[in-house]
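# Working through the structure, step by step
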Amino acid sequence: MGILRPTRLVGRDAALATTGAALADALEGAGGLLLVAGEPGIGKSALLAEQARRAVTTGVRVLRGVGWEGAGAPPYWLWTQVLRDLDPAATSVFEHATARGDAAEGRFRLFETVRTALAAAAPLLVVLDDLQWVDDDELRLLELLSRGLSTDRVLQLGAYRDREAGPSLRALAASAPALPLTGLDADGVAAVMAVVAGPVPDAELASAVHALCGGNPFFVREVTRLLVASGSWSAVAVAEGHAVPAAVRDALRMRLALLSPECVGRAEQASDARRALRTGGGGDRGLGGGAGAGQGDRAA
């Protein structure tokens, strides 16, 4: 078998071309916003990280903010992270905006402070991850900045889980340039497997893992690790249902939690039909084997 030299990101040349072009436009004075959308594990954060790495090598400053899951974060936490890398003292604007004066005046003062700070730091890439977890005020500021920085050398590059987006984020995404990130093709899956395991999989194994994982890079990595650990580097192991790690099952259960009972039922019926065809109608082997397969296993 051949050996592929590990790379920072594989199978995303087209997506990187899109983010790179958006940054190039911003550096020419056409600042803006680009939103990357996709399911968990599809590679949004990795894409943002690789684009940030490339930006730094060309002399572009990179600022980062990440949405906070759950309660407890202070107001404008996303933007507090961004501004503190420029000037920690500037983050006090978020406290002042909510503590004194007219609310509309406070929001304008906040917007203008952030816009001025970012414009002054250009050329600049602002990386904003996990936007599905930020609140409406933070999204409103992002929307205003996307217009207020349209003639500055600043690109705001955001990412979010499309199925977990609330109404405000969906409205913003509908009005902004978008980059939907989908599963890797079979060649991309093979490249990820080679980076994780070393050996390049043959076409049959890569195709089997692609079919099992839908091209999701996180799933591909986990399945590859399990194949290596079990010594079952073959399409047969995948076909027999011995290649679904616990991490993949957990991710699938999280996905199912977002679906309606009707959708879950249809997924179960489809999987049961596929299993019957594969096993001749006998047993309940599922993707993980065993009669106790849960909803996450069946929906895979």
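Notes on the structure in this doc start here. As a convention, each chain's residues are numbered from 1 in the sequence order in which they are written. Only residues with pLDDT of at least 70 get local features here, since the model is predicted, and only at 80 or more are side-chain atom pairs given and counted; chain-wide, interface and lining totals rely on the full set of residues. Values shown for side chains rest on all heavy atoms present in the structure; no hydrogens or waters enter the calculation.

### A word on the packing of aromatic side chains
A pair of Phe, Tyr and Trp rings is counted when the ring centres sit within 6.5 Å of each other, with Trp represented by its six-membered ring. The angle between the planes then sorts it: under 30 degrees is stacked, over 60 is edge-to-face, the rest tilted. Inspection of every chain in the model, using the stated rule, returns two aromatic pairs. Seen from their ring centres, Tyr 76 and Phe 94 are 5.4 Å apart, and the 20 degrees between their planes marks the pair as stacked. Taken together, the positions of Tyr 76 in the loop between strand 2 (61–66) and helix 3 (77–84) and Phe 94 in helix 4 (residues 92–99) put the pair 18 residues apart, joining distant regions of the chain. Relative accessibility under 20% of the residue-type maximum defines a buried residue, over 50% an exposed one, and the middle range a partly exposed one, all with a 1.4 Å probe and only protein chains included. Owing to a relative accessible area of 8%, Tyr 76 belongs among the buried residues under this scheme. By definition, any uninterrupted DSSP run of H or I lasting at least four residues is a helix, any uninterrupted run of E lasting at least two residues is a strand, and each is numbered from the N terminus.

### Description of unusual backbone geometry
Cis geometry marks the peptide bond from Ala 122 to Pro 123; its omega dihedral reads 5 degrees. Of note in the backbone geometry, Tyr 76 takes a positive phi value of approximately 55 degrees without being a glycine. Despite not being glycine, Asp 130 shows a phi value in the positive range, around 55 degrees. Note on placement: Asp 130 falls in the loop between strand 3 (124–129) and helix 6 (136–148). Judged by its relative accessible area of 15%, Asp 130 falls in the buried class.

### Things to note about helix 1 (residues 13–27)
Since the α-helix packs 3.6 residues into each turn, any two residues three or four apart lie on the same face. A rise of 1.5 Å per residue sets the reference length of helix 1, with its 15 residues, at 21 Å; its end C-alpha atoms lie 21 Å apart and thus fit the reference within 8%. Those residues of helix 1 not exposed but buried are Ala 15, Leu 16, Thr 19, Ala 22, Leu 23 and Ala 26. Along helix 1, the residues classed as buried sweep out an arc of 125 degrees about the axis, all on the same side. Residues Asp 13 and Ala 14 are exposed on helix 1 and point more than 90 degrees away from its buried face. At its buried positions, helix 1 is contacted by strand 1 (32–38), helix 2 (44–57), strand 3, strand 4 (154–161) and strand 5 (178–180). Downstream of helix 1 by a residue or two, Gly 29 has a phi angle that is positive, lying close to 100 degrees. For a helix, the expected span equals 1.5 Å multiplied by the number of residues minus one. Each C-beta atom gives one direction from the helix axis, and the arc is the one those directions make. Residue contacts are defined here by distance: any two heavy atoms, one from each residue, within 4.5 Å place the two residues in contact.

### Quick word on the side chain of Gln 81
Among the structural elements, Gln 81 can be located in helix 3. A residue is classified by how much of its surface remains accessible, and Gln 81, at 9% relative accessible area, is buried. From its side chain, Gln 81 meets the backbone oxygen of Val 66 in a polar contact 2.8 Å long. If sequence neighbours within four positions are ignored, Gln 81 has contacts with Arg 64, Gly 65 and Val 66. Polar contact is the term for a pair of N or O atoms within 3.5 Å; when the atoms are in protein, one must be able to donate a hydrogen and the other to accept it, and sequence-neighboring residues count only if both atoms are side-chain atoms.

### Topic: the sheet that holds strand 4
Pairing within the open sheet is parallel, and its five strands lie in the order 2-3-4-1-5. The sheet is open, and its two edges are formed by strand 2 and strand 5, each paired on a single side. Neighbour-to-neighbour, the strand axes of this sheet turn through a mean angle of 15 degrees, independent of strand direction. Direction of pairing for strand 1 relative to strand 4: parallel, over a ladder of seven bridges. Bridge assignment links Leu 33 to a residue of strand 4, and that residue is Gln 156. For every element, the axis is a line fit to its C-alpha atoms; helices are fit only across the contacting stretch, and the angle between N-to-C directions ranges from 0 to 180 degrees. Sheet strands in contact with helix 2 are strand 1, strand 2, strand 3, strand 4 and strand 5, and its direction is about 165 degrees off that of strand 3. When DSSP locates at least two bridges between a pair of strands, those strands are taken to pair.

### A short note on the nonpolar core
Put simply, buried Ala, Val, Leu, Ile, Met, Phe, Trp, Tyr and Cys residues joined by side-chain atoms within 4.5 Å make one nonpolar core. In terms of nonpolar packing, the biggest core is built from 34 residues, with Trp 79, Phe 94, Val 114, Leu 118, Leu 131 and Leu 141 touching the most fellow members. Within the residue set of this core, elements represented by two or more residues are strand 1, helix 3, helix 4, helix 5 (103–120), strand 3, helix 6, strand 4 and helix 7 (167–175). Setting aside chain neighbours within four positions, we find Leu 141 in contact with Tyr 76, Trp 79, Phe 94, Leu 110, Phe 111 and Val 114. Ala 15, Ala 22, Ala 159 and Leu 181 belong to the second largest nonpolar core, which has 22 residues in total.

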